[in-house]
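# A closer look at the structure
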Amino acid sequence: MGELAAFIVLSLVILIPAVIVVTSRNIVRSALSLVPTFLGVTGFYIMLQAEFVAGIQVLIYAGAITVLILFVIMLTEGGSGVDVRQMNEQVPLGATAALWLAFLILVVLFRTQWPAASGQPPAYNAATIGSAFLSSYVLIFEVTSLVLLLSLIGAIVIARREE
Amino acid sequence: MTVGLTHYLVVSTLLFCLGLYGVLTRRNAVAILMGIELMLNAGNINLVAFNRYVAPGAVNGHVFALVVITLAACEAAVGLALVMAAYRSLETVHVDEINVMKW
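Below or above, wherever it landed, is the structure these notes cover. (Residues numbered from 1 in each chain as written. Chains lettered and ligands numbered in written order. Predicted model: local features only at pLDDT ≥ 70, side-chain atom pairs only at ≥ 80, totals over all residues.)

### Points about the overall build of chain A
Our working definition: A run of H or I in DSSP becomes a helix once it reaches four residues, and a run of E becomes a strand once it reaches two; helices and strands are each numbered from the N terminus. The size measure is the radius of gyration over C-alpha atoms, and the globule rule it meets is 2.2 Å times the number of residues to the 0.38 power.
Tallying secondary structure elements over chain A gives six helices and zero strands in all. Helices and strands appear in chain A in the N-to-C order α-α-α-α-α-α. Its C-alpha atoms give chain A a radius of gyration of 20 Å, clearly above 15 Å, the size a compact globule of 163 residues would have. Each principal axis of the C-alpha distribution contributes one length, and for chain A these read about 55 × 45 × 30 Å.

Have a look at this one:
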């Protein structure tokens, strides 16, 4: 019962700010509404007993990405006033596409028999993830670090001023 | 009534479609990136929920969710750098006004 109540509250904390993110005329309000959405997703991770992913979610999404987006909004002030039109002319088309996709996914989702299994998650989440990253998934780990380095260099090269 | 896999999948479906709506209807490139972040979060909820309910003893879903979070950070950094470069040369961040390949 308490789990269901927590789930409903977290769903509202995720979905209501997400609606504000995609509909608000004020772009700064959109960016700040991302924070409760990300924190609600963090709550989901904690309910799903993924504590390490929850910590990383707070650090990277709620911390870094939101601040990055706010910085770029401040630096590109020409596009962010409340009197600037923020929606393009595809609003009916986009709403139709999103609603149809939601309908389709929900129908498929309720008709599928998911292979549920019962069991206990590992006691030490972060330790298990660390050893998985350095044994079975070491190639993914190395390639991801290479992608991080390249995107760091790429972002600096793209964003710097031409001399 | 306990919370099952389907509950999480329904919420992540709704979050994904909200993100898709944002991507399709926004003019501001930064707002489009916000929609993409919402869609990536919906995918991450799916990965962790399937890990919990289909293979509770494993951490494979967590590993993939962490990789997706890392790539989302890369994508945000490079995408916002591109927005900055476009704004510097074209004086706009609205994607329906950015219509030249070379300045």
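### Overview of the overall build of chain B
For clarity, the cut-off: In this scheme every C-beta is placed from the backbone, and a residue whose C-beta has 20 or more other C-beta atoms within 10 Å is buried, one with 12 or fewer is exposed, and one in between is partly exposed. It is the C-beta atoms, placed from the backbone, that decide contacts: two residues are in contact if theirs lie within 7 Å.
Each helix and strand in chain B was counted, giving three helices and zero strands. For chain B, the succession of helices and strands along the chain, N to C, is α-α-α. Taking 103 residues into account, the globule formula puts the C-alpha radius of gyration at 13 Å, and chain B, at 17 Å, lies well above it. Considered along the principal axes of its C-alpha atoms, chain B spans approximately 55 × 25 × 15 Å. Buried residues in chain B amount to 52% of all 103 residues. A separation threshold of at least 6 residues defines the contact pool for chain B, and within that pool the share at least 24 residues apart is 47%.

### What to know about the interface of chain A and chain B
Taken together, the contact between chain A and chain B spans 75 residues of the former and 66 residues of the latter. Elements supplying a minimum of two residues to the side of chain A that touches chain B: helix 1 (2–23), helix 2 (27–47), helix 3 (51–75), helix 4 (91–111), helix 5 (125–134) and helix 6 (138–159) of chain A. Top element by residues in the side of chain A that touches chain B is helix 3 of chain A. It accounts for 12 residues.

### With respect to the environment of Val23 of chain B
All names here are of chain B. Topologically, Val23 is positioned in helix 1 (residues 5–25). Since 19 C-beta atoms lie within 10 Å of it, Val23 is described here as partly exposed. Counting along the chain gives 10 residues from Val23 to Leu33, while the straight-line C-alpha distance between them is 7.6 Å. Residues contacting Val23, with those up to four places away along its chain left out, are Ile32, Gly35 and Ile36.

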